[in-house]
Amino acid sequence: MSGGKRIGIITSGGDCAGLNAAIRAIVHRAVNTYGWEVLGIREGTNGLLDRPARYLKLDPATLDAQTLRLGGTILGTTNKGDPFAYPMIDGAVKDRAPEIIGGYRELGLDAMIGIGGDGSLAILRRLAQLGDLKLIGLPKTIDNDVGFTELSIGFDTAVAVATEALDRLQPTAASHARVMVLEVMGRDAGHIAVSAGIAGGADVILIPEIPYGIESVAAKLRRLREAGRSFALVVVSEAVKTLKGAEVQRRYHGGETRFGGIGAYIADVIAEHTGAETRVTVLGHVQRGSVPSPRDRLVASAFGTHAVDLIAENKFDRMVAWANRQVIDVPIEDAIARYRPVELNGTLVRTARALGICFGD
Ligand code: F6P
């Protein structure tokens, strides 16, 4: 027992499935094993910006197994407003890091567990260094591109959703003899596309890590047709570029640009080059909002437990990670410095190629 601590949990950046399982595990370990108090910060760093700082006192009795099944985060989150260059209502940009550090102090926290992707963990670490805050990081992102961890919370569920989408597209593709294009998320990395593409029996997988040519894709689809297959399934990761090398993004109200639209583009060029009838499905945030898969629940629970144990051992500035069926921990600095793209000669790409899946190269 190392009694008397008060720790905070902050979920930061885009939500995903499994965050609540991590929160639940943290609270159970901290309260039941160590006798600590746990505060859940509301809406990411926003909760520490407000005065009084906004939080939920977390009690293991209310975080029962129902919490495991919940998608999203019961604390709320934000992926807006870099605290070091925070956009104010009057259009000015302000460094609000001192206010966030002040919020941490106001709550009397001895340590904080930040659950985020590489961007959020980088921001939280910078705040921790500036304010001498005690930070442990947990990796979460459906993109699964955080360095030094084989798994980030949320990825497995996103793959399950995308795989189910392919399962559902296949019969309608076959009935109408169509080429179905499925656009999946992944920002800069094609992990969801590769995993779901293999698991869901895709014929073509396009990812940002492997430049494609339309001739190669068209040739694959022609071969399928010649072999008597009337339909095809194509998975495209949102960050794949057009044939001219442009990212397909849309500018939204407020000036923010977001990925979206490469699926429609690919469907069009496939139709043009093969004469096939094509249709597009954009999965979008459906990949994030699902009930967490068993694996995400397990990984998140193990991550949460280990994070609390690190605090008990007075080890900070570490990110919990998954490697070789184990929970480990690595310096946050190393994890955020090494972005993890799809390995071009890795097991999954080799497996896909062995199955005849075309990457367009
Ligand atoms: O990084 C996770 C992610 O879901 C990406 O795959 C996607 O491009 C992005 O977040 C979407 O962000 P938002 O929730 O702001 O639309």
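Because the structure is predicted, anything quoted here is derived from the model rather than measured.

About the thresholds
Numbers given for residues are sequential positions, taken from 1 along each chain in its written order. In view of the model being predicted, local features appear only for residues whose pLDDT reaches at least 70, and side-chain atom pairs are presented and counted only at 80 or more, with totals across whole chains, interfaces and linings using the full set of residues. For side-chain calculations, the full set of non-hydrogen atoms in the structure is used, while hydrogens and water are omitted. In this description, strands pair whenever DSSP reports at least two bridges between them. Secondary structure follows DSSP: runs of H or I at least 4 residues long count as helices, runs of E at least 2 residues long count as strands, and numbering of each begins at the N terminus. For helices, the fitted axis covers only the stretch in contact; all axes are lines through C-alpha atoms, and the angles between them, taken along N-to-C directions, range from 0 to 180 degrees. Contact between two residues is taken to exist if any of their heavy atoms lie within 4.5 Å; hydrogens are not considered. We define proximity as follows: a residue is near a molecule or strand when any one of its heavy atoms falls within 4 Å of that partner. All accessibility values rest on the Shrake-Rupley procedure with a 1.4 Å probe; residue burial counts only the protein chains present in the view. Gly is put with the polar residues, along with every residue not named as nonpolar or charged; the nonpolar set is Ala, Val, Leu, Ile, Met, Phe, Trp, Tyr, Cys and Pro, and the charged set is Asp, Glu, Lys and Arg.

(A) Region of interest: the sheet that holds strand β6 (residues 111-116). Spatial strand order, β3-β2-β1-β6-β7-β14-β15: 7 strands in an open sheet with mixed pairing. Pairing within the sheet leaves two strands with one partner each, and these edge strands are β3 (55-58) and β15 (326-331). Recorded for the sheet is a direction-independent mean angle of 25° between the axes of neighbouring strands. Note: strand β2 (residues 37-41) against β3, 4 bridges, orientation antiparallel. In the strand pairing of β3, Ile41 is matched with Tyr55. This element, helix α10 (residues 294-312), spans β1 (6-11), β6, β7 (135-139), β14 (318-323) and β15 of the sheet and lies at about 140° to β14.

(B) Up close: the site of the ligand. Inspection of the region around the ligand gives Asn79, Thr141, Ile142, Asp143, Met185, Gly186, Arg187, Glu238, Arg258, His285 and Arg288 as its neighbouring residues. If the ligand stood free it would expose 400 Å²; the protein chains cover 85% of that surface. Each residue belonging to the shell around the ligand can be placed in one class, and the counts come to 2 nonpolar, 4 polar and 5 charged.

(C) Broad picture of the environment of Val235. Here Val235 is to be found in strand β10 (residues 232-237). Each C-alpha atom, one on Val235 and one on Val308, is 39 Å from the other, the two residues being 73 residues apart in sequence. Not counting residues up to four positions away in its chain, the partners in contact with Val235 are Leu166, Leu182, Val184, Ala193, Gly197, Ala202, Val204, Ile205 and Leu206.

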